[in-house]
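In case you want the letters, here they are:
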Amino acid sequence: GGIITQTPKFLIGQEGQKLTLKCQQNFNHDTMYWYRQDSGKGLRLIYYSITENDLQKGDLSEGYDASREKKSSFSLTVTSAQKNEMAVFLCASSIGQGAGNTLYFGEGSRLIVV
Amino acid sequence: GDSVTQTEGPVTVSESESLIINCTYSATSIAYPNLFWYVRYPGEGLQLLLKVITAGQKGSSRGFEATYNKETTSFHLQKASVQESDSAVYYCALGDSGGSNAKLTFGKGTKLSVKS
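Because the structure is a prediction, the values reported are computed rather than measured.

Some points on the layout of surface pockets
Empty space among the atoms can be located by rolling a probe the size of a water molecule over them.
Phase 1 of the analysis: In this model, the largest pocket occupies a volume close to 920 Å³.
Phase 2 of the analysis: When contributions to the lining of the largest pocket are tallied by element, the ones reaching two or more residues are β11 (109-113) of chain A together with β1 (3-6), β10 (88-96) and β12 (110-115) of chain B.
Phase 3 of the analysis: Partitioned by chemical class, the residues of the lining of the largest pocket number 13 nonpolar, 13 polar and eight charged.
Phase 4 of the analysis: Taken as a whole, the second largest pocket holds about 350 Å³ of empty space.
Phase 5 of the analysis: Taken together, 19 residues make up the lining of the second largest pocket; nearest its centre are A:I4, A:F105, A:G106, A:E107 and B:G45.
Phase 6 of the analysis: Among the secondary structure elements, those contributing two or more residues to the lining of the second largest pocket are β1 (4-7) and β10 (104-105) of chain A together with β6 (47-52) of chain B.
Phase 7 of the analysis: The element contributing the most residues to the lining of the second largest pocket is β1(A), with three residues.

The structure is reproduced here in C-alpha cells:
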C-alpha cells in the first residue's frame, strides 16, 4: 500500500500572505489533485496534474498556483491569503485521470488566516 | 450542472440499529454516471467505500450496500446493523464513466455518530 502525506497539518498565515501546502505520494500515481473543503460544503477541485510538470485548472483555481516538479509531489500556493478562504485542503492521487480510477486522499491541511 | 444531494447530518444512531443515508443526484451533462461512496474515519484521509458503474447494480463493502437506481436517480447507503467503528463522515459522489476524475462531483458529506 501507499500513503499520501500533506504538510503542514495546520497552516497559519496573515491576510495577504503567500502560503504553500505540500503533498507527497508514494503510490507512483500519475495524477494528483488539490481540493478545497469549506465547512458544510462538498469538495471542490482547485488544480490537478496528470503527469510531472503538467497543470490543469479546476473550478476554483483563481487565487491559487500549483506546481508538479516531481511525479511524487504536488504543491499548492495560496497567492494572497484571505480570511474567507479558511478551509481544509485535501490532496489526492489516482493511477490515471479516468473516472474508473480510485482516488486516494491525504488527511488534509487546515488553513487559518489571521 | 451536475449535483449530489445527501442526508444532512449529523446523524446519530445506536449500535446494532439500521442506517440509511440518502443520496440523490442530477447528471445533466453525464451520459453514463458512475456513483461512489467515500468515507472519512477520524484521523484518516477520505477513502473509497464502494462504487457502482452500472445502473441497477448494487455495491457492497464492510457491511454497507448501495444500489444505483437510475429511475429515482438515487444511490442510498444502507447498513443493517451499525457498529461504533462506523462513526465517520460519508460522502456520495457522481462521476462520468467516459470522463475524468477531475469532473467528480461530491456531496456535502453526512457525519454519522454511532452510540454504544
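From this point, things continue past the structure.
Description of the pattern of salt bridges
Phase 1 of the analysis: By the definition in use, this model includes six salt bridges over all chains.
Phase 2 of the analysis: Between A:R44 and A:D38 there is a salt bridge, and its shortest N-O distance comes to 2.8 Å.
Phase 3 of the analysis: Where B:E65 meets B:K58, a salt bridge forms, and the shortest distance between an N and an O atom there is 3.6 Å.
Phase 4 of the analysis: Of the residues examined, B:K58 reaches a relative accessible area of 52% and is grouped as exposed.
Phase 5 of the analysis: By sharing partners, the salt bridges in this structure join A:R36, A:D38 and A:R44 into a single network.

Basis of the calculations
- Residues numbered from 1 in each chain as written.
- Chains lettered and ligands numbered in written order.
- Predicted model: local features only at pLDDT ≥ 70, side-chain atom pairs only at ≥ 80, totals over all residues.
- Heavy atoms only, no water.
- 1 Å grid on protein atoms, 1.4 Å probe; cavity = no way out; pocket = protein on both sides within 12 Å on 5 of 7 lines; lining within 4 Å.
- Points joined across faces, edges and corners; volume = space filled by probe spheres on them.
- Helix = DSSP H or I, 4+ residues; strand = E, 2+ residues; numbered from the N terminus.
- Nonpolar A, V, L, I, M, F, W, Y, C, P; charged D, E, K, R; others polar.
- Salt bridge = Lys/Arg side-chain N within 4 Å of Asp/Glu carboxyl O.
- Buried < 20%, exposed > 50% of the residue type's maximum accessible area, 1.4 Å probe, protein only.

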